[in-house]
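Here are the chains, one letter per residue:
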Amino acid sequence: MSDDARDLERLEQENQALRKRIADLESGRSAPEEESTSSWKLIVHEAPVCIAKVALDKRFLSSNKEFQVFLGYTEEELCLKTISEITHPEDTGIGMAEIMAVVKGEIKTSRVTKRYVRKDGGIVWGEVSINVIRNESGQPMYLLAFILDVSERRKVEEMTRLSAERMKALLHLNQLTSATLQEIADFALEEAVRLTRSSLGYLAFLSEDESVLTMHSWSRSAMAECAIIDKPIVYPVASTGLWGEAVRQRRPVLTNDYAAANPLKKGCPEGHVLMTRHMNVPVFDGNRIVIVAGVGNKSEDYGDEDVQQLTLLMEGMWLLLERKRAEDAVRTLNAELEHRVLERTLELEASTKELEAFSYSVSHDLRAPLRTIDGFSLALLEDCADGIDDDGKDYLRRIRAATQRMGLLIDDMLRLSRISRAEMVIEKVNLSELAWSVVHDLEKTQPGRRVRIEIAKGLEDRADPKLMRIALENLLGNAWKFTGRRAEAAIEFGATTDEGKRTYFVRDNGAGFDMAYVDKLFTPFQRLHSMQEYPGTGIGLGTVARILHRHGGEVWAEGQVDHGATFHFRLQR
Amino acid sequence: MKILLVEDNPDDVQLTLRAFKKSNIGNEVIVAADGQEALDFFFGENGAASRGGDALPALVLLDLQLPKVNGIEVLKKLRADDRTRLLPIVILTSSREQVDMLNGYAYGCNSYIRKPVDFNQFAEAVRQLGLYWLVLNESPGTNHGL
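Everything numeric here is computed off the predicted structure, so don't read it as measured data.

**Student:** What am I meant to see in the overall build of chain B here?
**Tutor:** Counting its secondary structure elements, chain B contains 7 helices and 5 strands. For chain B, the α and β elements follow one another from N to C terminus as β-α-β-α-α-β-α-β-α-β-α-α. A compact globule built from 146 residues should have a C-alpha radius of gyration of about 15 Å, and chain B, at 14 Å, falls within 12% of that. In terms of principal-axis extent, the alpha carbons of chain B reach across some 40 × 30 × 25 Å. For chain B, the residues scored as buried account for 53% of the 146 residues in total. Here chain B displays about 6900 Å² of accessible surface, and carbon together with sulfur accounts for 49% of that area. Here chain B contributes 15 positively and 19 negatively charged side chains, and the mean placements of these two sets differ by 3 Å.

Shown next, in the form of structure tokens:
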């Protein structure tokens, strides 16, 4: 059962008891008149509910203690008043028709809730039920009023209602995701004015160092009333009047008697809205005040619940603004990044085109003169052999060898650039089969060689098959080349798994290398052996590294001079 | 049976002629130093295309990088004309760029040969080329007196 209903029931019970008592009195069924009257008076006087006898013209005839406490008048004072005179001016119409109906006998009891004004001007809420007392012939004699003080309950109800409305406002605020800062601030301010039952409001942002207030918005009502044409926007906190106190004192400031002299008040400029009451609150983000929000001219005094309303609403607004700011920052950053990616892509495309043009001219323009040098050197050797001595012929042969080597270097360089540019097609590749196929090709080039080959079975992975073939050709080709001087040459291809990552290796027992130069291995055109010992252009391992990098993997090497080399690689890092 | 060599580099002309000589290919070699000269040879006033028969070469060796009109343009024009549509045309170039190869075959060359730097290899390529196109290959031109 709700409080409301319980109160009502209690009132009803008391009502009934009193009615019975009256009936008893009137029918003379009670104990001696004297005694009954005095005990009746006591009951009425001490009852924890306001009871009053009211004449049909609404003048008070008598009242009990509770009634006097409720309104702050003495019995005598009350007897000079009518119902209307103690009723809140806005509520004087409430219940009048019902009283008429009760007097006419159309209804038994009038029940309404309305506000009363206490002697001290305070406003209280009463739940009133009025019955009419009739004489034996049924003529109405006077009214009997019971009033229950429901001010506290009304206050709680009002607060609950305002809280609910604030929640609704906050919810609505959170849905204003596509609104501008101005729209959000305006909405929050209008709601703050409404929820504190104020008639105007304002919102100012505080600078990072808390020294300057920047007025952001005025409520519509303030704008309508304000006659100042060029309103200042920026206010230094140090020289701001009363409304800067919220910042200086770092707490809400309530001024319910604005007209009274106040040393903090700087006075209002000509045309300023007439102020009667004022309240403002600082809104904190951590320890820093970020916003000062104020409301004014409520018809009653500002209290803690208004501070709470305004603070919670403004904090909610600040959170939303912060969230929006963060989102905007992310959005701006994203747009910037996208723009940069686009720029880089265009740059990259341009440089790729440049590279293609370069490769093209290298392949054509650089090779043509080489062909001429080689061709005419040979022509000299063949056609003019008689006029050239052995030294001269040796020189010509050196020219031809160098020319042809340069041709190979150019070809390798182009091949490397093609590998960098080639489109990758990642699919399942059987590396074991690929390795065998490469080895068979190597065996065909030197059928006389005896090399022990060991290749692990079933090594499958996701990679570009064409590029992986080139990588294995280079790795196994190197192993093949550098074991050329071994009587018992051995080459092994296998894999190990560590922490779920597979690492492949190609191991040989060939010439090996000095670990001091390991960094140079994968640099194109860097060689660790003389051309006479092991011919080559030095592009092979550079190519392998580039292929694995394009797969997102890596390659590294271990070796020892005369004790072979092992090349490890991964397809993913 | 004539050979038309379309080549702007005089060194390459010399070396190609020397390679023919070394391979005992004694055919008359006509040299066009750019693409326009090559087109004039066929389609100019009293050009080979209008005379037909022996006036047409048995083989065209076509470089790609040519002044004025490039090799691919020459190839397109020769293939577009009924009188030269079936001529054996071999692209002989320094370029090994895929785009050149694709274009060459797309517009109907018969072979695509990349000139090696090593003259011996070049001479060998020219020898095989001559042997194949001038001796082994049966072209409609030789059979039907096109």
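Still more ground to cover, so stick around.
**Student:** What is the right way to look at the packing of helix α12 (residues 390–421) of chain A against helix α15 (residues 540–550) of chain A in this model?
**Tutor:** What describes two packed helices is the angle between their axes and the distance between those same axes. Residues and elements named next belong to chain A. Axis separation between α12 and α15 bottoms out at 10 Å; the angle between their running directions is 5°. Taken together, the axes of α12 and α15 are roughly parallel relative to one another. Packed against α12, whose contacting residues are Leu416, Ile419, Ser420 and Arg421, the element α15 presents Gly542, Thr543, Arg546, Ile547 and Arg550 at the interface. Looking at the contact of α12 with α15 residue by residue, the classes come out as 3 nonpolar, 3 polar and 3 charged.

**Student:** Looking at this model, I keep getting lost on a nonpolar patch on the surface. Mind explaining?
**Tutor:** Residues and elements named next belong to chain A. A cluster of nonpolar side chains, namely Leu355, Phe358, Met413 and Phe525, defines an oily patch on the protein surface of about 340 Å² accessible area. Relative to the helices and strands, Leu355 resides in helix α11 (residues 304–383). Given a relative accessible area of 37%, Leu355 falls into the partly exposed group.

**Student:** Teacher, can you tell me more about the side chain of Asn131(A) here?
**Tutor:** All names here are of chain A. Residue position: Asn131 is located in strand β4 (residues 123–134). At 2.7 Å, the side chain of Asn131 and the side chain of Thr109 are in polar contact. Excluding residues that lie within four positions of it along the chain, Asn131 makes contacts with Asn15, Arg19, Val102, Lys108, Thr109, Tyr142, Leu143, Leu144 and Phe146.

**Student:** Whenever I open this one, the interface of chain B and chain A confuses me. Can you help?
**Tutor:** Put simply, an interface is often sized by how much accessible area is lost when its parts join up. Contact residues are listed per partner, giving 22 residues for chain B and 24 residues for chain A. Among the residues chain B hides against chain A, the three largest losses belong to Arg18(B), Glu97(B) and Val117(B). Together they make up 32% of the total. In this assembly, chain B and chain A are joined by 6 salt bridges. As a salt-bridge pair, Arg371(A) and Asp12(B) come within 2.6 Å of each other at their nearest N and O atoms. The tally of links from chain B across to chain A stands at 9 residue pairs in polar contact (both at pLDDT 80 or more). When contributions to the side of chain B that touches chain A are tallied by element, the ones reaching two or more residues are α1 (10–22) and α6 (119–136) of chain B.

**Student:** Looking at this model, I keep getting lost on the sheet that holds strand β11 (residues 288–296) of chain A. Mind explaining?
**Tutor:** Adjacent strands of a sheet form backbone hydrogen bonds with each other and so pair up, either parallel or antiparallel. Residues and elements named next belong to chain A. An order of β8-β7-β6-β11-β10-β9 is seen for the 6 strands of this open sheet, with the pairing classed as antiparallel. The sheet terminates laterally at β8 (234–236) and β9 (253–255), the two strands that pair on one side only. Direction aside, neighbouring strands of the sheet carry axes that sit 25° apart on average. Two strands pair when backbone bridges link them, and strand β6 (residues 200–206) and strand β7 (residues 212–218) are joined in this way by 5 bridges, in the antiparallel orientation. Residue Leu203 lies in a different strand from β7, and its bridge partner there is Ser217. Sheet strands touched by α11: β6, β9, β10 (278–285) and β11. Its angle to β10, the strand with the most contacts, is close to 40°.

**Student:** What is the right way to look at the nonpolar core in this model?
**Tutor:** Within soluble globular proteins, side chains that are nonpolar tend to cluster in buried spots. Residues and elements named next belong to chain A. In this structure, Leu431, Leu472, Leu476, Phe493 and Phe569 are the most contacted members of the largest nonpolar core, which totals 41 residues. At the level of secondary structure, the elements contributing two or more residues to this core comprise α13 (431–445), β13 (451–455), α14 (465–482), β15 (489–498), β16 (501–508), α15, β17 (554–559) and β18 (565–570). Core analysis: the second largest hydrophobic core is formed by 31 residues, Ala188, Val283, Ala293 and Leu321 among them.

**Student:** In this structure, what is going on with the confidence of the model for chain B? I would like to understand it.
**Tutor:** One rule of thumb: low pLDDT means the predicted coordinates there are not for detailed reading. Averaged over chain B, the pLDDT score is 85; the fraction of residues at 70 or greater is 94%. Note that residues 142–146 of chain B has pLDDT below 50 and, in this model, 7 contacts with residues that lie over four places away or in other chains.

**Student:** Would you mind showing me how to read the environment of Leu213(A) here?
**Tutor:** Residue and element names in this part refer to chain A. With respect to the helices and strands, Leu213 occurs in strand β7. Assessed through its relative accessible area of 0%, Leu213 is described here as buried. Separated by 269 residues in the primary sequence, Leu213 and Phe482 have C-alpha atoms spaced 79 Å apart. Apart from residues no more than four positions distant in its own chain, Leu213 is found in contact with Ala204, Phe205, Leu206, Ile233, Val234, Tyr235, Val237, Trp243, Val247 and Val292.

**Student:** Help me understand the confidence of the model for chain A in this model?
**Tutor:** Taken over all residues, the pLDDT of chain A has a mean of 86, while the share at 70 or more is 94%. By mean pLDDT, helix α9 (residues 220–225) of chain A is the weakest element of chain A at 72, and strand β12 (residues 427–430) of chain A is the strongest at 95.

**Student:** What is the right way to look at the pairing of strand β1 (residues 2–6) of chain B in this model?
**Tutor:** Each regular strand displays side chains that alternate between the two surfaces of the sheet. Residues and elements named next belong to chain B. Most of β1 sits out of view: 5 of its 5 residues are buried. Neither face of β1 is open: one carries Lys2, Leu4 and Val6, the other Ile3 and Leu5, and all of them are buried. Taken together, β1, α1 and strand β2 (residues 28–32) form a β-α-β motif whose crossover is right-handed. For β1 and strand β3 (residues 59–62), the ladder comprises 4 bridges, and the chain directions are parallel. Its bridge partner lying in β3, Val6 is registered against Leu62.

**Student:** Would you take a moment to explain the packing of helix α8 (residues 181–195) of chain A against α11(A) for this structure?
**Tutor:** Residue and element names in this part refer to chain A. Running from N to C, α8 and α11 point in directions that differ by 170°, and their axes come no closer than 9 Å. With respect to α11, the axis of α8 lies roughly antiparallel. Side by side, α8 and α11 meet where Leu181, Ile184, Ala185, Ala188, Leu189, Glu191, Ala192 and Leu195 of the first sit next to Gln309, Leu310, Leu313, Met314, Met317, Leu320, Leu321 and Lys324 of the second. The residue inventory of the contact of α8 with α11, partitioned by class, reads 13 nonpolar, 1 polar and 2 charged.

Parameters and conventions
- In every chain, residue numbers begin from 1 and rise along the written sequence.
- Lettering for chains starts from A, numbering for ligands starts from 1, and both go in the order in which the items are written.
- Reporting of local features is limited, given that this is a predicted model, to residues whose pLDDT is at least 70; pairs of side-chain atoms are given and counted only at 80 or more, and all residues count toward the totals for whole chains, interfaces and linings.
- Hydrogens and waters are ignored; side-chain quantities use all the structure's heavy atoms.
- In this description a helix means any DSSP run of H or I spanning at least four residues, a strand means any run of E spanning at least two, and both kinds are numbered starting from the N terminus.
- The globule rule used for comparison is 2.2 Å times the number of residues to the exponent 0.38, while the radius of gyration itself is calculated over C-alpha atoms.
- Only protein chains enter the area calculation, which uses a 1.4 Å probe; residues under 20% of their type maximum are buried, those over 50% are exposed, and those in between are partly exposed.
- Only the protein chains shown count as cover for residues, and all accessible areas are computed by the Shrake-Rupley method using a 1.4 Å probe.
- We score Asp and Glu as negative and Lys and Arg as positive, and we do not count His or the chain ends.
- Where a charge sits is defined by one atom per residue type, namely NZ (Lys), CZ (Arg), CG (Asp) or CD (Glu).
- Fitted lines through C-alpha atoms serve as axes, helices being fitted only where they are in contact, and the angles separating the N-to-C directions of these axes extend from 0 to 180 degrees.
- Angle categories are assigned with fixed cut-offs, so that under 35 degrees is roughly parallel, over 145 is roughly antiparallel, 65 to 115 is roughly perpendicular, and the rest are oblique.
- Contacts are assigned to residue pairs with any non-hydrogen atoms lying within 4.5 Å of each other.
- Each residue gets one label: Ala, Val, Leu, Ile, Met, Phe, Trp, Tyr, Cys and Pro are nonpolar, Asp, Glu, Lys and Arg are charged, and the others, such as Gly, are polar.
- Put simply, a patch holds well-exposed residues, over 30% relative accessible area, that have no salt bridge, with like charges counted together within 9 Å and Val, Leu, Ile, Met, Phe, Trp or Tyr side chains within 5 Å.
- Every case where a carboxyl oxygen of Asp or Glu lies within 4 Å of a side-chain nitrogen of Lys or Arg is listed as a salt bridge.
- Polar contact criterion, stated in full: a pair of N or O atoms within 3.5 Å, where within protein one must be able to donate a hydrogen and the other to accept it, and residues adjacent in sequence count only if both atoms are side-chain atoms.
- Summed over both partners, the accessible surface that disappears when two parts come together, traced with a 1.4 Å probe, is what is meant by buried area.
- At least two bridges found by DSSP between two strands are what make those strands a pair.
- Only buried Ala, Val, Leu, Ile, Met, Phe, Trp, Tyr and Cys residues count toward a nonpolar core, and they belong to the same one when joined by side-chain atoms within 4.5 Å.
- Within a predicted model, pLDDT stands for the predictor's per-residue confidence, ranging from 0 to 100.
- If you view a crossover with the strands going away from you and the path from the first strand over the helix to the second runs clockwise, you call it right-handed.

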